[in-house]
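# Examining the three-dimensional arrangement
Letter by letter, the chains look like this.
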Amino acid sequence: ENDDEEDIVSGCFEKLEQSFESGEGMLGSYVYLLSPELAAASDSTFAGSFFSHYGKNCAAETEGNSVSAEQLLSTDPGWIILPAYMTAEDLPEELAELTAVKEGRIIILDEETMGLLERPTSRIYLAAEYVKDKMTPDNDEEEVITEASE
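Now for a quick tour of the structure. (Residues numbered from 1 in each chain as written. Predicted model: local features only at pLDDT ≥ 70, side-chain atom pairs only at ≥ 80, totals over all residues. Heavy atoms only, no water.)

### Considerations on the overall build of the protein
Within the protein, the regular secondary structure consists of six helices and four strands. When its helices and strands are written in sequence order, the protein yields α-β-α-β-α-β-α-β-α-α. Relative to its 150 residues, the protein shows a buried fraction of 45%. In the protein, 67% of the contacts between residues at least 6 apart in sequence involve partners at least 24 apart. Approximately 8300 Å² of the protein is accessible, and the part contributed by carbon and sulfur atoms is 46%. (Helix = DSSP H or I, 4+ residues; strand = E, 2+ residues; numbered from the N terminus. Buried < 20%, exposed > 50% of the residue type's maximum accessible area, 1.4 Å probe, protein only. Contact = heavy atoms within 4.5 Å. Areas by Shrake-Rupley, 256 points an atom, 1.4 Å probe, with all protein chains shown as cover.)

### As for the pairing of strand β3 (residues 79-82)
Burial along β3 is two-sided: the residues W79 and I81 and I80 and L82 are all buried. Both strand β1 (residues 28-32) and β3 contribute to a ladder of three bridges, which runs parallel. The residue bridging V31 from the neighbouring strand is I80, located in β3. (Pairing = 2+ DSSP bridges.)

### Focus: the sheet that holds β1
One open sheet holds the four strands; their spatial order is β2-β1-β3-β4, and the pairing between them is parallel. Both outer strands of the open sheet, β2 (55-57) and β4 (106-108), are each paired with one neighbouring strand and no more. Taking the axes of each pair of neighbouring strands and ignoring which way they run, one obtains an average angle of 30° across the sheet. Pairing of β3 with β4, which is carried by three bridges, proceeds in the parallel orientation. Across the sheet, I80 pairs through a bridge with I106, a residue of β4. (Axes fitted to C-alpha atoms, helices over the stretch in contact; angles between N-to-C directions.)

### Overview of the pattern of salt bridges
A full pass over the atoms with the stated rule returns four salt bridges. Residues K102 and E97 are paired through a salt bridge, measuring 3.5 Å at the closest nitrogen-oxygen approach. (Salt bridge = Lys/Arg side-chain N within 4 Å of Asp/Glu carboxyl O.)

### Focus on helix α6 (residues 124-135)
An ideal rise of 1.5 Å per residue puts 16 Å on twelve residues; α6 measures up with 17 Å between its terminal C-alpha atoms. Extensive coverage of α6 is indicated by the burial of nine of its twelve residues. Taken together, the buried positions of α6 are occupied by I124, Y125, A127, A128, Y130, V131, K132, K134 and M135. (Expected span 1.5 Å × (residues − 1).)

### Thoughts on the environment of V131
Topologically, V131 is positioned in helix α6. Once the C-alpha coordinates of V131 and T113 are considered, the two residues, 18 residues apart in sequence, prove to be 8.6 Å apart. With sequence-adjacent residues up to four places away left out, V131 is seen in contact with F50, F51, Y54, I107 and L109.

### Points about the side chain of T113
Mapped onto the elements, T113 comes out in helix α5 (residues 111-118). Setting aside residues no more than four positions away along its own chain, T113 makes contact with A127 and Y130.

Following this line, the structure appears as structure tokens:
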């Protein structure tokens, strides 16, 4: 029975590594914003560390887990990741100049993926696959990648 559990855990880590390897660097640079007030996941958080496998976190060294609009405008993240309870319309107006906003490169996480990032389990590889799928250029799911509003 113990061997079965070890096999399951080992298999999950292999799937996670494969997802990270195939998605490595796909985001280029990103920021995971947690609120309209620009609370952000730094690299000291699990989510920030998780997403760092896909690119450079523009909030990596943020103190107090929030960034300013000015910081984001100067780093110009290629992607913005939002939790399920936010949409692109919740972002401050000043961020309309960001490349990610102009080009509609906004990933809105679903509830399940958010849950996996908040309470990681052996199924964390599913979160890695979800994010990688949303970065794929041929993905037209409107509710996940929001087009920039004019």
